[in-house]
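Letter by letter, the chains look like this.
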Amino acid sequence: MFTRNNQLAVVLGVTMCVGLGIQTVHAHDNDRFEINDRFGNNERPGRNKTPKNVILFIGDGMGISEVTLTRYYQYGVKGRMNLDKLKYTGFQTTWSLKPGAGPDYASDYTPDSASTGTMWATGRKTIDERISQGPSTALNVPGKNYQTILEVFKAQGKRVGNVTTAEITDATPAVLDSHISLRSCQAPKNMTSCPTERKAVGGPGSIAEQTVDHRVDVLLGGGKGRFDGTGGLIEGGPDTGRTVLDSAQRQGYKIISTKSELDALPWRNLPVLGLFTPGNMTTEWTGPVATLGDGVPAHACTTDNRPSNEPSLAAMTKKAIDLLDHSPHGFFLQVEGASIDKQDHAANACAQLGETVAFDEAIGVALSFLERNPDTLIIVTADHSHTSQIVGEDTSGNGNPTGYSDNLITREGQVMRVTYGTAGGVDRPLASQLSQQHTGAAVPIWAEGPGAEAILGTTDHTDLFWILQGK
Ligand code: MG
Ligand code: ZN
């Protein structure tokens, strides 16, 4: 869709518009929405360096605070994580849109994972809850479908993969291989809120159906309950009356559900659909939910929570790369550490930190691959910031933080207090009664490989769509 001729158009667009001091609209960008040129993105270093392989790591809700907490707890103040080894670092803004009449939509400063995912998946802004569709007047009014980065790379002949610790139908993986008005429409039986998008009326169906129909080479994660009988039956097309899992089988997917089946899989077996749990995958670590006042008395985390029949994120990443790395055109792989966000919502510091460690270990797998395959671009970022903070212990007499706290004993033998304070308060004594909220701060982004310099400075999530392509 976008060729070398378009790069010439970009140059012309910049030349024509820079002197006028207006927001640049490129000749070939007429159908794009709100491209962010505020940071001079079209003259960034690293453009026009096209990587063969692209690996995108998304730590859901993994803002600066979540990274720092994990670094201090697990590796010590002088410690460095795998993501710290990546050569370039920058920031990305994450704002989304509010529903409206358009064409100008109001800004939403605290986006969700659907709108943010749509930004790098399609290069365009949209409203929360929406999966790779444009904004509209209301949540339940479908928007225009936008081509995704997975579709772009697939059309180029690359192999494509999608790996997550959430359900594979959750928002972050879904933005790559489905287009739907609401993120909750995950399985055939979840389509009540998306009536016009059902297969029964000629629509593309639920996220599970669209994911399978996209023929993604490697799909690994949780969410089997969206694909088997508990997810309902397909109501249109050649697989009417079947489960989505049956449809996947008919369409040639190798279906697996345990770590040992994953380990045993030969690389020729593509496409593969690995669904290891009915819902989200089990967290690596566990611990108490934060409490008000002084918080949970100081403790260390329990680090052996994941059952042995579930693969780690690092194991899924390793296998996905092994499976995908057999094409002259290279591959695109997205890897999501999903439950950093989910456990941040739950105010469970140990579970949250364990997921961040697991995410970082998966990055280590990609860094090893990069050593042997320098034509690979690795990008690591978060979709949005989140609530957890490192705060002072109550030794000054100034009182406690107003939120829910946990006190973790670090490797250095010190107590690090973690507080969750974006939902709840004194009238709600238990953090388990509610869900902590996302925050609006820009997120960090790290990169290495061909074109990685393009992430330097401050860019927007929509820029990532182009950076991934070396454009
Ligand atoms: Mg997610
Ligand atoms: Zn969230």
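One can find the structure itself at the top, above this paragraph.
Since the model is a prediction, treat every value here as computed from it, not as a measurement.

Colleague: Before we go on, may I ask you to explain the overall build of the chain in this structure?
Modeller: On a plain count of helices and strands, the chain comes out with 12 helices and 16 strands. A globule of 471 residues ought to have a C-alpha radius of gyration of about 23 Å, and the chain, at 22 Å, matches this closely. Dimensions of the chain along its principal axes, counting C-alpha atoms only, are 65 × 60 × 50 Å. Counting across all 471 residues of the chain, residues that qualify as buried make up 60%. The contacts of the chain with a sequence gap of at least 6 include a subset with a gap of at least 24, amounting to 72%. Only carbon and sulfur atoms are counted for the fraction: they give 51% of the accessible area of the chain, which is about 17700 Å². Between the centroid of the 41 positive side chains of the chain and the centroid of its 51 negative side chains there is a distance of 6 Å.

Colleague: Which parts of the structure should I look at to understand the coordination of the zinc ion (ligand 2)?
Modeller: Only Asp341 (OD), Asp341 (OD), His345 (NE2) and His438 (NE2) from the protein coordinate the zinc ion (ligand 2), and they sit 2.0 to 2.5 Å from it. Read N to C, the donor residues that coordinate the zinc ion (ligand 2) are spaced as D-x3-H-x92-H. Within this pair, aspartate 341 and its partner histidine 345 are both found in helix 10 (residues 339-345), separated by 4 residues, close to a single helical turn. One exposure class covers both aspartate 341 and histidine 345, and it is buried.

Colleague: Quick question: what am I supposed to make of helix 9 (residues 313-324) here?
Modeller: Because an α-helix completes one turn every 3.6 residues, residues spaced three or four positions apart along the sequence face the same direction. Between its first and last C-alpha, helix 9 extends 16 Å over 12 residues, near the 16 Å set by a 1.5 Å rise per residue. Where burial is concerned, most of helix 9 is hidden: 9 out of the 12 residues are buried. For helix 9, every residue scored as buried is listed here: Leu313, Ala314, Met316, Thr317, Lys319, Ala320, Ile321, Leu323 and Leu324.

Colleague: Looking at this structure, I do not really get the pairing of strand 2 (residues 88-93). What am I missing?
Modeller: By the bridge criterion, 5 bridges tie strand 2 to strand 15 (residues 443-448) in an arrangement that is antiparallel. Across the sheet, residue threonine 89 finds its bridge partner in strand 15, namely tryptophan 446. As paired elements, strand 2 and strand 16 (residues 457-460) share 4 bridges and run parallel to each other. The partner of threonine 93 across the bridge, within strand 16, is aspartate 460.

Colleague: How should the coordination of the magnesium ion (ligand 1) be read in this particular structure?
Modeller: Geometrically, a metal with four donors at the corners of a regular tetrahedron has ideal angles of 109.5 degrees, and one with six donors at the corners of a regular octahedron has ideal angles of 90 or 180 degrees. The coordination sphere of the magnesium ion (ligand 1) contains the protein donors Asp60 (OD), Thr172 (OG1) and Glu336 (OE), at a distance range of 1.9 to 2.2 Å. All donors of the magnesium ion (ligand 1) come from a single chain, and their spacing in sequence reads D-x111-T-x163-E. Placement of the pair is aspartate 60 in the loop between strand 1 (53-59) and helix 2 (64-75) and threonine 172 in helix 5 (residues 171-177), with a sequence separation of 112 residues. For the pair aspartate 60 and threonine 172, a shared accessibility class is recorded, and that class is buried.

Colleague: Please clarify how the packing of helix 2 against helix 11 (residues 349-372) should be interpreted in this entry.
Modeller: Each pair of packed helices can be described by the angle between their axes along with the distance between the axes. Packing of helix 2 against helix 11 leaves a shortest axis separation of 9 Å and a crossing angle of 85 degrees. By the angle between their axes, helix 2 is roughly perpendicular relative to helix 11. In contact with Glu66, Leu69, Thr70, Tyr73, Gln74 and Tyr75 of helix 2, helix 11 contributes Gln352, Leu353, Thr356, Val357 and Asp360. Of the residues belonging to the contact of helix 2 with helix 11, the class tally is 5 nonpolar, 4 polar and 2 charged.

Colleague: Quick question: what am I supposed to make of the state of the cysteines here?
Modeller: Each disulfide consists of a covalent bond between the sulfur atoms of two cysteine residues. Inspection of every chain in the model, using the stated rule, returns 2 disulfides. Note on cysteine connectivity: cysteine 185 is disulfide-linked to cysteine 194, with sulfurs 1.9 Å apart. Classification of the bridge connecting cysteine 185 and cysteine 194 rests on its S-S torsion, roughly 90 degrees, and on that basis the disulfide is right-handed. For the pair shown, cysteine 185 and cysteine 194 are each scored as buried. Through a disulfide, cysteine 301 is tied to cysteine 350; the S-S separation comes to 2.0 Å. Since a negative S-S torsion denotes a left-handed disulfide, the cysteine 301-cysteine 350 link at about -80 degrees is left-handed. Here the residue cysteine 301 occupies a position in the loop between strand 9 (296-299) and helix 9, and cysteine 350 occupies one in helix 11, the gap between them amounting to 49 residues. Cysteine 350 sits in the buried class, given a relative accessible area of 0%. Sequence-ordered numbering of the bonded cysteines in the chain gives a disulfide pattern of 1-2, 3-4.

Colleague: Teacher, can you tell me more about the sheet that holds strand 10 (residues 331-337) here?
Modeller: Adjacent strands of a sheet pair through backbone hydrogen bonds, lying either parallel or antiparallel. Strand order in the open sheet made by the 10 strands is 7-8-6-5-10-1-11-15-2-16, with mixed pairing throughout. The open sheet has two free edges, formed respectively by strand 7 (254-256) and strand 16, since each of these has just one partner strand. Neighbour to neighbour, the strand axes of the sheet diverge by 15 degrees on average, direction disregarded. Here helix 11 sits on the sheet and contacts strand 1, strand 5 (159-167), strand 10, strand 11 (376-382) and strand 15; the angle it forms with strand 1, its principal contact strand, is near 170 degrees.

Colleague: Got a minute to help me understand the packing of aromatic side chains in this structure?
Modeller: A ring pair, where both rings are aromatic, is described by two values, the distance of the centres and the angle of the planes. Inspection of the entire model under this criterion finds 5 aromatic pairs. Taken together, a centroid distance of 5.9 Å and an interplanar angle of 80 degrees make the contact between phenylalanine 57 and phenylalanine 359 edge-to-face. With a gap of 302 residues between them, phenylalanine 57 in strand 1 and phenylalanine 359 in helix 11 connect regions that are remote in the sequence. Both residues of the pair, phenylalanine 57 and phenylalanine 359, belong to the buried class.

Colleague: I'm lost on the pattern of salt bridges in this one. Help?
Modeller: For side chains of opposite charge, pairing can occur when their charged atoms come near one another. A full pass over the atoms with the stated rule returns 17 salt bridges. Linking arginine 250 and aspartate 239 is a salt bridge whose minimum nitrogen-to-oxygen distance equals 2.5 Å. Here arginine 250 is found in helix 7 (residues 244-250), whereas its partner aspartate 239 is found in the loop between strand 6 (218-222) and helix 7, with 11 residues between them in sequence. Assessed through its relative accessible area of 43%, arginine 250 is described here as partly exposed. When salt bridges with common partners are traced through the structure, they connect Asp112, Asp170, Arg183 and Lys342 into a single cluster.

Colleague: Sorry, what's going on with the sheet that holds strand 9 here?
Modeller: Strand order across the open sheet formed by 4 strands is 9-13-14-12, with mixed pairing between neighbours. The open sheet is flanked by strand 9 and strand 12 (389-391), the only strands paired with a single partner. If you compare each strand with its neighbour and ignore which way they point, the axes differ by 30 degrees on average. With 3 bridges joining them, strand 12 and strand 14 (residues 415-420) adopt antiparallel strand pairing. Paired with isoleucine 390 across the two strands is valine 418, which belongs to strand 14. Contacting strand 12, strand 13 (404-409) and strand 14, helix 2 crosses the sheet at an angle of about 60 degrees to strand 12. Strands in contact with helix 11 are strand 9, strand 13 and strand 14; relative to strand 13, the strand with the most contacts, it is inclined by about 60 degrees.

Cut-offs and rules
- Residues numbered from 1 in each chain as written.
- Chains lettered and ligands numbered in written order.
- Predicted model: local features only at pLDDT ≥ 70, side-chain atom pairs only at ≥ 80, totals over all residues.
- Heavy atoms only, no water.
- Helix = DSSP H or I, 4+ residues; strand = E, 2+ residues; numbered from the N terminus.
- Rg over C-alpha atoms; globule rule 2.2 N^0.38 Å.
- Buried < 20%, exposed > 50% of the residue type's maximum accessible area, 1.4 Å probe, protein only.
- Contact = heavy atoms within 4.5 Å.
- Areas by Shrake-Rupley, 256 points an atom, 1.4 Å probe, with all protein chains shown as cover.
- Lys, Arg positive; Asp, Glu negative; His and termini not counted.
- Charge placed at Lys NZ, Arg CZ, Asp CG, Glu CD.
- Donors = N, O, S within 2.8 Å, 3.2 Å for Na, K, Ca; no water.
- Expected span 1.5 Å × (residues − 1).
- Pairing = 2+ DSSP bridges.
- Axes fitted to C-alpha atoms, helices over the stretch in contact; angles between N-to-C directions.
- Parallel < 35°, antiparallel > 145°, perpendicular 65-115°, else oblique.
- Nonpolar A, V, L, I, M, F, W, Y, C, P; charged D, E, K, R; others polar.
- Disulfide = S-S within 2.5 Å.
- Phe/Tyr/Trp six-rings, centres within 6.5 Å; stacked < 30°, edge-to-face > 60°.
- Salt bridge = Lys/Arg side-chain N within 4 Å of Asp/Glu carboxyl O.

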